[in-house]
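Reading the structure
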Amino acid sequence: MARKLLLEHINVPGIHTLDVYRQKGGYRAVEKALKTLSPDEVVEEVKKSGLRGRGGAGFPTGMKWSFLAKPEGVARYLVCNADESEPGTFKDRYLMTHIPHALIEGMIVASFALGANTSYIYVRGEMMPQIRILERAIAEAKNAGFLGKNILGSGYDLELYVQPGGGAYICGEETALLESLEGKRGNPRIKPPFPAIAGLYGCPTVVNNVESIAAVVPIINDGGDEYAKVGIGRSTGTKLISASGNLVRPGVYEIELGLPVEEFIYSDEYCGGIANGKRLKATVAGGSSVPVLPANLTLKLANGEPRLMSYESLSEGGFATGTMMGSGGFIAFDEDQCIVRNTWNFARFYHHESCGQCSPCREGTGWMEKVLHRLEYGHGKMSDIDLLVDVSKKIEGNTICPLGDAAAWPVASAIRHFRDEFEWHVKEPVKSLDTNYGLANYAEPIAKAEVTTGN
Amino acid sequence: MSDKVKVTIDGITVEVEPGTSILNAARQIGGDIVPPAMCYYSKLEGSGGKCRTCIVKVSKGSEKDPRPMPKLVASCRTTVMDGMEVQNITSPEVIEARSGVVEMLLINHPLDCPVCDQAGECDLQNLGYEHGLQKTRYEFERRTFERIDIGDKIQLHMNRCILCYRCVFTADQITNKRVHGILNRGDHSEISTYIQTAVDNDFSGNVIDVCPVGALTDRTFRFRNRVWFTKPIDAHRDCPTCSGKVTLWYKGEDVLRVTARKDIYGEVEEFICNTCRFDKKKTADWTIEHPTHISDASVIASNHYETLMPLPVIQNNQKLQQANQVELEKTAKF
């Protein structure tokens with residue numbers, strides 16, 4: 001049984017209440033940090049742990065904290081990004097529903113490390129039950145003296161607020177989140193300045209994912225060095241993976257980074273294989289924004305070695321044969337799924353969620369969606385495939401925020417790896433409406449894959 | 001001079017104040033290397049960064065950190081560093097990306113230039129000529145909106161809008177109340193006042209001048225004439241609310257419209273009030289200064305009197321002839 005750091009006590013009844021959480025060793029990290037460590041020592045521990053941001057970009061959390069500007073007499077803020085809305089990702093919602101005190105404990109320690117006296121948890125508007133759970137948990141923590149003035153007699157004050165969002169995917173982008181938190185339209189800001197210099201209300205701000213903040217708790221409890229021993233290479237610790245799609249047991253799993261992808265999909269401890277005895281066709285390894293991979297490249301690297309669930313191994317091979325860890329939304333497609341339809345579905349999502357601020361993303365996402373719709377419904381042309389590649393290239397890298405990239409990558413990668421399926425949709429417009437292309441050669445051994453992806 | 005920073009754009013070095021944006025540094029050099037800007041407006045705080053037409057490549061970050069920037073950057077919102085090297089028209093990557101942006105800007109634009117009042121002085125039209133393809137690859141229905149009248153003087157034609165947000169910043173700047181903004185998101189976004197007649201301000205007419213396309217037009221000039229048939233003349237009057245420095249657009253002896261004076265980048269020099277813009281349309285209201293300089297590249301210059309005969313209004317007026325003596329002698333030589 002692999003080591004669990006975040007979800008160790010998830011099955012204990014009543015773990016969402018403060019009493020049970022404390023019985024299981026909760027709020028030890030707060031006591032340890034506030035009574036024995038200085039803020040800089042907490043940051044140092046997180047740096048040593050090698051914890052990388054769990055929200056998608058994978059930027060080292062300790063480094064992000066040390067970049068925070070600390071001018072005299074200016075408030076600093078910690079904002080927790082709980083605006084989880086990527087298709088395929090639902091790990092933060094699970095964590096907040098079942099073990100809300102882990103997040104609150106992490107928020108207290110992280111706010112202490114950053115010297116923030118007011119912190120916010122920005123929760124996606126659709127997650128009303130989770131907002132209520134968090135508010136109840138905050139009230140409990142406040143009654144027990146973990147929040148408010150002079151916490152545990154250390155002289156440190158902290159107020160924690162939960163802010164419901166309006167339900168826009170774009171507000172998960174950190175600067176759009178800050179705009180939304182300030183009560184404005186959730187448009188991403190133009191960087192620089194980065195939030196570490198001028199964030200919420202123009203003050204230095206750190207924005208972290210729910211899971212990153214919760215992971216601070218085991219780091220402080222056991223020490224950064226101990227945490228760094230879990231995992232592989234520069235991918236340290238454990239990661240929550242939200243597995244969905246055609247799996248026997250979809251759900252949220254905590255894995256040690258470095259677990260082979262094959263074991264994650266097929267072992268009984270995790271997803272238990274592909275549902276209904278079918279075969280794996282493709283996966284999206286880290287939420288809808290990352291490139292989609294065929295089955296052969298999911299399980300093995302281009303050189304034939306097994307692919308592991310870690311930041312490095314998943315991105316091995318760049319965009320030609322690799323993908324990204326992203327936010328850990330693992331989606332599996334079986335042999336009966338249509339990649340064209342799925343790509344259209346993702347494109348539709350990004351078209352709907354583009355904020356409309358910068359032109360390549362505003363116009364390009366709609367264009368890709370319309371072309372993919374045409375391909376899926378049998379009105380496509382052969383030239384559409386190259387057109388899609390060209391449009392996605394024009395969007396990628398030319399936008400204010402990463403939503404443009406996130407919209408372009410799934411389309412570009414789907415065409416890169418599944419071009420024959422797109423071509424089949426053009427050649428067989430009537431047949432493609434009620435049958436699927438099937439597995440084709442996407443699960444065949446890697447030698448074949450090198451030929452198809454080498455161009 | 002030590003506090004100035006050195007930046008090289010397309011091989012031309014210029015020294016600028018620290019904190020200047022790449023775009024403004026390029027404007028100090030001038031000429032072809034100035035990136036086009038559809039949304040940036042130097043008079044409006046916070047504008048820029050949205051249209052992405054001004055993207056450039058930073059091939060050397062600075063003297064201290066010579067690494068190139070990983071992505072193309074928006075030159076209007078990137079400040080220069082000492083020793084920075086920038087590629088604009090010398091980089092094929094930039095040209096390609098920019099034509100991509102122009103294509104994106106045009107896919108939902110109605111391209112109704114033949115009936116658009118802005119034609120002839122439209123930034124998007126110029127950009128399209130320079131960078132656009134001759135044929136569109138977009139084969140779908142374009143988004144459409146109903147036309148909206150903002151008050152009795154301004155009309156909003158959302159179909160043509162490229163969402164540069166300039167008018168939003170203008171409206172924010174001239175009033176304390178938020179009266180003008182964006183509704184919806186993505187390609188359904190629309191500029192709106194929400195309650196259509198809400199913009200009630202002495203300076204509201206300036207949204208017409210800042211609009212780079214024909215989305216916001218002057219209802220007192222709508223369909224009256226094509227801009228290239230009109231003759232611009234700089235004039236001024238003693239105005240209690242604004243500087244009173246304007247450009248009058250003449251057709252024959254009639255003033256067809258009044259706008260603020262614009263520089264070579266299409267930006268107004270000073271905002272003017274609605275009284276000057278909409279109500280003072282007689283030559284008698286104004287003191288004529290001199291013909292407005294129009295770039296030779298503009299269609300308005302095609303039969304501009306700077307090189308041709310003086311206007312009828314000047315021919316018939318003794319005073320004006322005296323005032324324009326030097327100009328007239330110059331034209332007589334040709």
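Structural data are supplied above this passage.
Predicted model only: the values in this text are computed from it and were never measured. (Residues numbered from 1 in each chain as written. Chains lettered and ligands numbered in written order. Predicted model: local features only at pLDDT ≥ 70, side-chain atom pairs only at ≥ 80, totals over all residues.)

So, the interface of chain A and chain B
For the record, the criterion: Throughout, a residue-residue contact means that the two C-beta atoms, derived from backbone geometry, are no farther apart than 7 Å. Helix and strand labels come from DSSP, where a helix needs a run of H or I of at least four residues and a strand needs a run of E of at least two; each type is numbered from the N terminus. Under the scheme applied here, ten amino acids are nonpolar (Ala, Val, Leu, Ile, Met, Phe, Trp, Tyr, Cys and Pro), four are charged (Asp, Glu, Lys and Arg), and all others, including Gly, are polar.
Taken residue by residue, the interface counts 22 residues in chain A and 25 residues in chain B. At the level of elements, α15 (339–353), α16 (359–376) and α17 (382–395) of chain A are the ones that each hand at least two residues to the side of chain A that touches chain B. Looking at the side of chain A that touches chain B, the element that brings in the most residues is α16(A), giving eight residues. Looking at side-chain class alone, the side of chain A that touches chain B contains seven nonpolar, 10 polar and five charged residues.

A word on the pairing of strand β2 (residues 118–123) of chain A
Each regular strand carries side chains that alternate between the two faces of the sheet. All names here are of chain A. Note the threshold: To assign burial, the other C-beta atoms lying within 10 Å of each residue's own C-beta are counted, with C-beta atoms placed from the backbone; 20 or more indicates buried, 12 or fewer indicates exposed, and intermediate counts indicate partly exposed. For two strands to be treated as a pair, DSSP must find at least two bridges joining them. Note on handedness: a crossover is taken as right-handed if, strands pointing away from the viewer, the path from the first strand over the helix to the second is clockwise.
The element β2 is largely enclosed, with a buried count of five among its six residues. In terms of strand pairing, strand β1 (residues 77–82) meets β2 through six bridges, oriented parallel. Within β2, the residue paired with Y77 across the bridge is T118. Pairing between β2 and strand β3 (residues 159–164): six bridges, direction parallel. When the sheet's bridge partners are listed, T118 is paired in β3 with E159. Read from β2 through helix α7 (residues 128–143) to β3, the crossover connection turns out right-handed.

Remarks on the pairing of strand β8 (residues 251–256) of chain A
Residue and element names in this part refer to chain A. By the bridge criterion, six bridges tie strand β7 (residues 238–245) to β8 in an arrangement that is antiparallel. Paired with K239 across the two strands is I255, which belongs to β8. Following β7, the chain reverses through five residues before pairing antiparallel with β8.

Quick word on the sheet that holds strand β5 (residues 84–87) of chain B
Residues and elements named next belong to chain B. This is how the line gets drawn: For helices, the fitted line uses only the C-alpha atoms of the stretch in contact; every axis is such a line through C-alpha atoms, and the angle between N-to-C directions lies from 0 to 180 degrees.
Pairing is mixed in the open sheet, where five strands are placed in the order β2-β1-β5-β3-β4. Across the chains shown, the open sheet's two edge strands, defined by having one partner strand only, are β2 (12–16) and β4 (73–74). Across the sheet, helix α1 (residues 22–29) touches β1 (5–9), β2, β3 (55–60) and β5, and the angle it forms with β2 is around 110°. Each of β3 and β5 is contacted by helix α2 (residues 92–107), which is oriented at about 160° to β3, the strand it contacts most.

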